[in-house]
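Summary of the model geometry
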Amino acid sequence: MNNANVSIQVLPNVPEEKLYPVVDKIIEYINSTGVKYEVGPMETTMEGDLNLLLDIVRKSQEICIKEGAARVCSVIKIDYKAEGVTMDEKIYKYR
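Below, the structure is looked at part by part. (Residues numbered from 1 in each chain as written. Predicted model: local features only at pLDDT ≥ 70, side-chain atom pairs only at ≥ 80, totals over all residues. Heavy atoms only, no water.)

Here Lys 36 is to be found in strand S2 (residues 36-39). When the C-alpha atoms of Lys 36 and Met 46 are compared, they prove to be 5.7 Å apart, with 10 residues separating the residues in sequence. When near neighbours in sequence (up to four residues on either side) are disregarded, Lys 36 contacts Thr 45, Met 46, Glu 47, Met 87 and Asp 88. (Helix = DSSP H or I, 4+ residues; strand = E, 2+ residues; numbered from the N terminus. Contact = heavy atoms within 4.5 Å.)

Printed below as a string of structure tokens:
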């Protein structure tokens, strides 16, 4: 499957002092997968095979639960087209 972009914003239900440490664990996991990604102030955007990216989304929820979240709310955005889509084509002129 051609490249897609998936953005994820994870909101684990944890005490405030644990919020960033849990999000850091998710970003560490995303980094370990080898997919291209970019961390933003409100979400992390990834580029790669859509099925792989959706697996990463699923695993991110599991990481939150493992880290003590009773509940996880996430916002997911998907940009997919048959010929593929890249982050660079969207933001190159701003770099």
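Attention shifts here to helix H1 (residues 16-33). Helix length check: H1 (18 residues) gives 27 Å between terminal C-alpha atoms against 26 Å at 1.5 Å per residue, within 8%. Those residues of H1 that fall on the buried side of the exposure criterion are Val 22, Ile 26, Ile 27 and Ile 30. Mapping the buried residues of H1 onto a view down its axis gives an arc of 140°, with all of them on the same face. Opposite the packed face of H1, turned more than 90 degrees from it, sit the exposed residues Glu 17, Tyr 20, Glu 28 and Ser 32. In this structure, the buried side of H1 is in contact with strand S1 (3-12), S2, strand S3 (44-49) and helix H2 (50-66). (Expected span 1.5 Å × (residues − 1). Buried < 20%, exposed > 50% of the residue type's maximum accessible area, 1.4 Å probe, protein only. Arc of directions from axis to C-beta.)

This part covers the pairing of S1. In terms of burial, S1 is a largely internal element, 8 of the 10 residues being buried. Of the pairings in the sheet, the one linking S1 to S3 comprises 6 bridges and is antiparallel in character. Its bridge partner lying in S3, Ser 7 is registered against Thr 45. Here 8 bridges tie S1 to strand S4 (residues 72-79), and the two strands are oriented antiparallel to one another. Residue pairing for S4: Ile 8 is matched across the bridge by Ile 76. (Pairing = 2+ DSSP bridges.)

Within the structure shown, the criterion is met by 6 salt bridges. Among the ionic pairs, Lys 36 bridges to Asp 88, the shortest N-O distance being 2.9 Å. Placement of the pair is Lys 36 in strand S2 and Asp 88 in helix H3 (residues 87-91), with a sequence separation of 52 residues. The class of Lys 36 is partly exposed, set by a relative accessible area of 37%. Classification of Asp 88 by relative accessible area gives partly exposed; the value is 44%. (Salt bridge = Lys/Arg side-chain N within 4 Å of Asp/Glu carboxyl O.)

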